Amino acid sequence: MNKKTIIFSIELSDRESFAKTLLSLEMARRDFRVYIGNFRSIHEHCRGIKSSIFFHKSSYVRRMAQYKREMGAVVAVLDEEAGIAIPTCEMQDFCEARFGPMNSDTYDYIFTIGDGYTKRLQGMPNLSGIKIISTGWPRIDLWRDDYSYVHAEKVNELKSKHGEYWLFVSSFGFTSKAGLDFQVARAPYDLNVKSLYNVFDALNNYIDLIKKLSAESSRKIIIRPHTSESIEEWESIFSGCPNVVVIREGDVTPWLLAASGVITYRSTVTVQAALNGIPTVQYKINEIDGIDDLPAFKVSKCANSVQEVLDYLLSFKGDAEKQRLKEFAADVLKDNVSSLSGELAAVKIANILSQL
């Protein structure tokens, strides 16, 4: 009997490969033949397949109809942009922009991080006929203590090399007024423009914070720019701060696990840190309209002064504080994220797909 085939698309290997490997392992255990690759390799090497499941990493529509036709594909989507860094007040607009081009002629399954997305997507007429299921994310499966060994060697290496440090994970998408103007000119709707100006305000607040932290503390601060941001621009901004370094390499997880504290803005990294008992700070969020209803906001400390930031980051000195933060984060997130405990999201997804 021929094996069933499943194809996993990957865009950014550093961010996606561990989670896709976990999900691939679950499919292999169910006797599937598994392909993992970027879009180019899939397009070049998988066209001879006549029957498959194509598991896509986003709601991006290009070539999906072609893959369905040429590979006999059942198309399943887990969109990792549709996470918990979207404010509740913007969720419906985000879902309509992200999932609006999809329909049941091409797509068969949508797996979501939790019930908040599932309920919204089930109410969208264009998605009628697509099975929409809350499973959680395999990526979040890997945040459990059971998988801490995966990054243990790298974590020890980073601690040995950098000592104690605070990790600033940037997720602004630009680092200057010119970058803001470029994004605004291409924004699809007014709410998006408003959000971009909020992001620009936050960028300036955070630059000011990092400079002041650098001056008031000898602790090393590592800036990890978003993939859409220029490392050179960040280095130029902090050229006068000797204890600030800019590094973007590999998966963020070991860098986060090696840090004694995390500073970020509207990022899923905030949640990942909290679930691992690592204190996280967001700065002057209350001054920016419309973003304080984020789960990422609720599991972190919102500080309005440099001293508040310092006091909070330095207050985590033992395992007891870390365990309390883990339990608090899990309780806050239980309505937004499926599979924080119990059956893995990877197992749930694999069980569903193996029945096709």
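For the structure, see preceding data.
To start, this report covers the structure provided alongside it. Model, not experiment: these values are computed from the prediction. (Residues numbered from 1 in each chain as written. Predicted model: local features only at pLDDT ≥ 70, side-chain atom pairs only at ≥ 80, totals over all residues. Heavy atoms only, no water.)

**Considering the overall build of the chain**
Filter applied, for reference: Under the DSSP-based scheme used, a helix requires at least four consecutive residues in state H or I and a strand at least two consecutive residues in state E, with every element numbered from the N terminus. Both definitions apply: the radius of gyration is a C-alpha atom measure, and the globule rule equals 2.2 Å times residues to the power 0.38. Under the scheme applied here, a residue whose accessible area is under 20% of the maximum for its type counts as buried, over 50% as exposed, and between as partly exposed, the area being computed with a 1.4 Å probe on protein chains only. When checking whether two residues touch, look at their non-hydrogen atoms; a contact exists if any pair is within 4.5 Å. Counted charges follow a simple rule, with Lys and Arg positive, Asp and Glu negative, and His plus the chain ends left uncounted. Positions of charges follow a simple convention, taking NZ of Lys, CZ of Arg, CG of Asp or CD of Glu.
Broken down by element type, the chain carries 16 helices and twelve strands. Expected size for 356 residues packed as a compact globule is a radius of gyration near 21 Å; at 21 Å, the chain falls within 12% of this value. Counting across all 356 residues of the chain, residues that qualify as buried make up 53%. For the chain, restricting intrachain contacts to residue pairs at least 6 apart in sequence, the fraction spanning at least 24 positions comes to 68%. Counting 43 positive and 45 negative side-chain charges, the chain places the averaged centre of each group 5 Å from the other.

**Here's the deal with the packing of helix α12 (residues 268-275) against helix α15 (residues 319-333)**
Basically, it comes down to this: Comment: axis = line fitted to C-alpha atoms, over the contacting stretch for helices; angle = value between 0 and 180 degrees taken between N-to-C directions. The scheme is simple: roughly parallel for angles under 35 degrees, roughly antiparallel for over 145, roughly perpendicular for 65 to 115, oblique for anything else.
Contact pair α12 / α15: the axes reach a minimum separation of 7 Å and the direction vectors enclose 130°. On the basis of the axis angle, α12 is oblique to α15. Note on element contacts: α15 touches α12 through Leu325, Lys326, Ala329, Ala330 and Leu333, opposite Val271, Ala274 and Leu275.

**A look at a nonpolar patch on the surface**
Spelled out, the test is: Each patch groups residues whose relative accessible area exceeds 30% and which form no salt bridge, using 9 Å between like charges and 5 Å between nonpolar side chains of Val, Leu, Ile, Met, Phe, Trp and Tyr. Accessible surface area values rest on a Shrake-Rupley calculation with a 1.4 Å probe, where residue burial reflects the displayed protein chains alone. Whenever a carboxyl oxygen of Asp or Glu lies within 4 Å of a side-chain nitrogen of Lys or Arg, that contact is scored as a salt bridge.
Taken together, the side chains of Phe18, Tyr149 and Val150 present a nonpolar region at the surface, about 290 Å² in accessible area. By the element assignment, Val150 lies in the loop between α6 (138-141) and α7 (152-162).

**As for the pattern of salt bridges**
A side chain of one charge can pair with a side chain of the opposite charge when the charged atoms of the two come close. Within this structure, the stated rule accounts for 17 salt bridges. The partner of Lys154 in a salt bridge is Glu249, with the nearest N and O atoms 3.8 Å apart. One end of the pair, Lys154, is in helix α7; the other, Glu249, is in the loop between β9 (244-246) and α11 (252-258), with 95 residues separating them in the sequence. The partly exposed category is assigned to Glu249, whose relative accessible area is 40%. What emerges from the salt-bridge pattern is a single network uniting Glu26, Arg29 and Arg30.

**Observations concerning the pairing of strand β11 (residues 280-283)**
Each regular strand carries side chains that alternate between the two faces of the sheet. As a reminder of what qualifies: Note on handedness: a clockwise path from strand one over the helix to strand two, with the strands aimed away from the viewer, defines a right-handed crossover.
Burial along β11 is two-sided: Thr280 and Gln282 and Val281 and Tyr283, pointing in opposite directions, are all buried. Between the parallel elements strand β10 (residues 261-264) and β11, the chain passes through α12 in a crossover that is right-handed.

**Remarks on helix α4 (residues 91-99)**
For clarity, the threshold we go by: Here the arc refers to the directions that run from the helix axis out to each C-beta atom.
Turning to α4, its buried residues number three or more, namely Met91, Phe94, Cys95 and Phe99. Projected down its long axis, α4 carries its buried residues within an arc of 100°, all on one side. Buried residues in α4 make contact with β5 (109-112) and α5 (115-122).

**As for unusual backbone geometry**
Excluding glycine, a negative phi dihedral is what most residues carry, and trans is how most peptide bonds are arranged. The phi angle at Asp31 is positive, at roughly 70°, despite the residue not being glycine. Position of Asp31 among the secondary structure elements: in the loop between α1 (13-29) and β2 (32-37). For Asp31, a relative accessible area of 46% puts it in the partly exposed group. Within the chain, Ser339 stands out as a residue other than glycine whose phi angle is a positive 65°. With respect to the element layout, Ser339 can be found in the loop between α15 and α16 (345-353). Given a relative accessible area of 8%, Ser339 falls into the buried group.

**Some thoughts on the sheet that holds strand β1 (residues 4-9)**
This is how the line gets drawn: Should DSSP find at least two bridges between two strands, the strands are regarded as paired.
Spatially, six strands are ordered β2-β1-β3-β4-β5-β6 in an open sheet, and the strand pairing comes out parallel. The sheet terminates laterally at β2 and β6 (131-134), the two strands that pair on one side only. Each strand of the sheet is rotated relative to its neighbour by a mean of 20°, with strand direction disregarded. Looking at chain direction, β1 and β2 are connected through six bridges and run parallel. When the sheet's bridge partners are listed, Ser9 is paired in β2 with Gly37. Its contacts with the sheet place α5 against β5 and β6, and it is angled at close to 160° to β6. Where α16 meets the sheet, it contacts β1, β2, β3 (52-56), β4 (73-77), β5 and β6, and its direction lies at approximately 165° from that of β5.

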